[in-house]
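# Topology and contacts: notes
So the chains spell out like this:
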2 protein chains.
Amino acid sequence: MQDQHIASAFDRDLEAIQALLMRMGGMVETAVLDAARSLDTRDEELASEVRANDKAIDALEEEINQEVARLLALRSPVGRDLRTALSVMKIAANLERVGDYAKNMAKRTSVLANADPVEGSTGALRRMSMAVVSMLKDALDAFITRNEVLAEDVRVRDEDVDQMYNGLFREFLTYMMENPGTITACMHLHFIAKNTERMGDHVTNIAEQVVYLSTGELPDESRTKMDQTSLAVEPS
Amino acid sequence: MQDQHIASAFDRDLEAIQALLMRMGGMVETAVLDAARSLDTRDEELASEVRANDKAIDALEEEINQEVARLLALRSPVGRDLRTALSVMKIAANLERVGDYAKNMAKRTSVLANADPVEGSTGALRRMSMAVVSMLKDALDAFITRNEVLAEDVRVRDEDVDQMYNGLFREFLTYMMENPGTITACMHLHFIAKNTERMGDHVTNIAEQVVYLSTGELPDESRTKMDQTSLAVEPS
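The shown structure was predicted, so the numbers you read here are calculated from the model rather than taken from an experiment. (Residues numbered from 1 in each chain as written. Chains lettered and ligands numbered in written order. Predicted model: local features only at pLDDT ≥ 70, side-chain atom pairs only at ≥ 80, totals over all residues. Heavy atoms only, no water.)

With that settled, the discussion passes to the overall build of chain A. Regarding its fold elements, chain A presents six helices and zero strands. For chain A, the proportion of its 236 residues judged to be buried stands at 59%. Of the roughly 9,400 Å² that chain A leaves accessible, carbon and sulfur atoms contribute 49%. (Helix = DSSP H or I, 4+ residues; strand = E, 2+ residues; numbered from the N terminus. Buried < 20%, exposed > 50% of the residue type's maximum accessible area, 1.4 Å probe, protein only. Areas by Shrake-Rupley, 256 points an atom, 1.4 Å probe, with all protein chains shown as cover.)

Residues and elements named next belong to chain B. Mapped onto the elements of the fold, Asp-34 is located in helix H1 (residues 7-41). The class of Asp-34 is buried, set by a relative accessible area of 15%. The residues touching Asp-34, leaving out its near neighbours within four places in the chain, are Leu-46 and Val-50. (Contact = heavy atoms within 4.5 Å.)

Along its 34 residues, helix H3 (residues 79-112) of chain A runs 50 Å from first to last C-alpha, staying within 8% of the 50 Å computed at 1.5 Å per residue. With 29 of 34 residues buried, H3 of chain A lies mostly within the body of the structure. (Expected span 1.5 Å × (residues − 1).)

Right, let's talk about the packing of aromatic side chains for a bit. This structure, assessed with the given rule, holds three aromatic pairs over all chains. Their ring planes at 70° and their centres at 6.0 Å tell us that Phe-191 of chain A and Phe-191 of chain B sit as a pair that is edge-to-face. Here Phe-191 of chain A, found in helix H6 (residues 183-215), pairs with Phe-191 of chain B, found in helix H6 (residues 183-215), and the two come from separate chains. We classify Phe-191 of chain B as buried; its relative accessible area is 3%. Aromatic pair Tyr-165 of chain B and Phe-169 of chain B: ring centres 6.2 Å apart, planes at 45°, arrangement tilted. (Phe/Tyr/Trp six-rings, centres within 6.5 Å; stacked < 30°, edge-to-face > 60°.)

Along the chain, Met-187 of chain B turns up in helix H6. On a C-alpha basis, the gap between Met-187 of chain B and Phe-169 of chain B in space is 10.0 Å, while along the polypeptide they are 18 residues apart.

This part is about helix H4 (residues 121-144) of chain B. Here H4 of chain B contains 24 residues, and its C-alpha end-to-end distance of 35 Å stays within 8% of the 34 Å for a straight helix at 1.5 Å per residue. Arg-146 of chain B sits one or two residues past H4 of chain B and shows a positive phi near 50°.

Between helix H5 (residues 148-178) of chain A and H6 of chain B, the shortest axis-to-axis distance is 10 Å and the interhelical angle comes to 130°. By the angle class used here, H5 of chain A and H6 of chain B are oblique. Crossing geometry of H5 of chain A relative to H6 of chain B is assigned as right-handed. Only Ile-183, Thr-184, Met-187, His-188 and Phe-191 of chain B of H6 of chain B make contact with H5 of chain A, whose side of the interface consists of Tyr-165, Phe-169, Leu-173, Met-176 and Met-177 of chain A. In the contact of H5 of chain A with H6 of chain B, the residues fall into eight nonpolar, two polar and no charged. (Axes fitted to C-alpha atoms, helices over the stretch in contact; angles between N-to-C directions. Parallel < 35°, antiparallel > 145°, perpendicular 65-115°, else oblique. Left-handed = near helix turned anticlockwise from the far one by under 90°. Nonpolar A, V, L, I, M, F, W, Y, C, P; charged D, E, K, R; others polar.)

Look at Ser-76 of chain A: it is not a glycine, yet its phi comes out positive at around 45°. Along the chain, Ser-76 of chain A falls in the loop between helix H2 (44-75) and H3. The backbone phi angle of Arg-42 of chain B is positive, close to 55°, even though this residue is not glycine. On the basis of relative accessibility, which here comes to 35%, the residue Arg-42 of chain B falls in the partly exposed class.

A complete count under the given rule lists 26 salt bridges over all chains for this structure. A salt bridge links Lys-103 of chain B to Asp-54 of chain B; the shortest N-O distance between them is 3.6 Å. With Lys-103 of chain B in helix H3 (residues 79-112) and Asp-54 of chain B in helix H2 (residues 44-75), this residue pair connects regions lying 49 residues apart in the sequence. Overall, the relative accessible area of 2% leaves Asp-54 of chain B in the buried class. Within the structure, one salt-bridge network assembled from shared partners comprises Asp-54, Arg-97, Asp-100 and Lys-103 of chain A. (Salt bridge = Lys/Arg side-chain N within 4 Å of Asp/Glu carboxyl O.)

Turning our attention to the environment of Thr-196 of chain B. Residue and element names in this part refer to chain B. Tracing the backbone through its elements, the reader meets Thr-196 in helix H6. Separated by 64 residues in sequence, Thr-196 and Val-132 have C-alpha atoms that sit 7.6 Å apart. Look past the residues within four positions of Thr-196 in its chain and what remains in contact with it is Met-105, Met-128, Ser-129, Val-132 and Val-161.

This next bit is on the packing of helix H4 (residues 121-144) of chain A against H5 of chain A. All names here are of chain A. It is the contact of H4 with H5, at a shortest axis distance of 10 Å, that shows an interaxial angle of 165°. In terms of orientation, H4 and H5 fall into the roughly antiparallel class. Once H4 is placed against H5, the crossing between them reads as left-handed. The residues of H5 that touch H4, namely those facing Ser-121, Ala-124, Leu-125, Met-128, Ala-131, Val-132, Ser-134, Met-135, Asp-138, Ala-139, Asp-141 and Ala-142, are Leu-150, Ala-151, Val-154, Arg-157, Asp-158, Val-161, Met-164, Tyr-165, Leu-168 and Phe-172. Taken together, the residues of the contact of H4 with H5 sort by class into 16 nonpolar, two polar and four charged.

See below:
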């Protein structure tokens, strides 16, 4: 293993790690879609699959971290190569968080399967999840192809997800006030909405790594945005 | 800048970065305590200070990331030194998340200052925050002194925080059901409780970096624990 530190050796190693990252991304996409589908169709079996699969996602993050550490130790990259390696770790950490939120959504599915449905809400949540998954696909694509325009597009689309969440927040408040019998179900649905909104924030963090790669700095207002409902007093 | 890669040069650079990390930790502690106090005493001025100070915390994380990248490029550490440098980045990322949750708590203070108080709840939330801050102090201490026993203690104490959260979740559900007029306030209080519980998870992640440092691997069950209320159907 007396490799020299030449560009092509680094690139070859990096490609292998990026392949792991793409695999992890695919698993997280599936987890989010399946969790949302299980909620919408009250499919408890699918929900428990999502929960079981999260371990594999976590293991893959660990593997990526180890491989990046190995790459740093072996190749001692600098400049853009170093930033790329560090970006991979950051992206894997964000993917792991999205996977965790999907697992949590699947857990709540089991509870909600036994409660009265709250009209139309799970469909709206599913659409929100689909928007996040489409952002996720594009964010990873933007990373692999170093496409800043696509990354910027992902950041903009996160605003739609925030708006969907804000609408749902107000909707759930209204249901709870009109019918206290829906409070428990609405609390869970609301958490799912909030967690999906947070998934969007993590996907946005991934998109921002593309900007970091080119410039060495994160874009302005890069920090995870908090929702606007923290300022909401009453539903309209 | 033709430094040689000798241990003492790495150590000197690392110490400077760890000093930044400790400063960031101190700022985050203050943010959490002030946010909880502003909620309990309905101090809107203090709450807006917390919100304003979050920018400085974010900037410090950026600075730490840049300094770690510089350290990696300049000293090409391997083995334990490399793990230490990567741990610093992970810890800074977790601190930033805790700071974000404190900011969000402070935002909700402004809303809740204008709502009827929900008996005893802000005191309970403040105690929960104090438990998290005490864990945070010990986790950072454990990192600096490489004290695995103290780190393990922090992990155990996170279970208390989880229990406090589970108790509050049930309490808020009861209030909402008894009196729908408290629904909006309880939703915000509940979010604060949930976010505080998540702060505990991030502090636990920091403690786990101490184990990673010694062994090169994260402890079992290291993934962020989700709360048990995702399985709760009705309050007891």
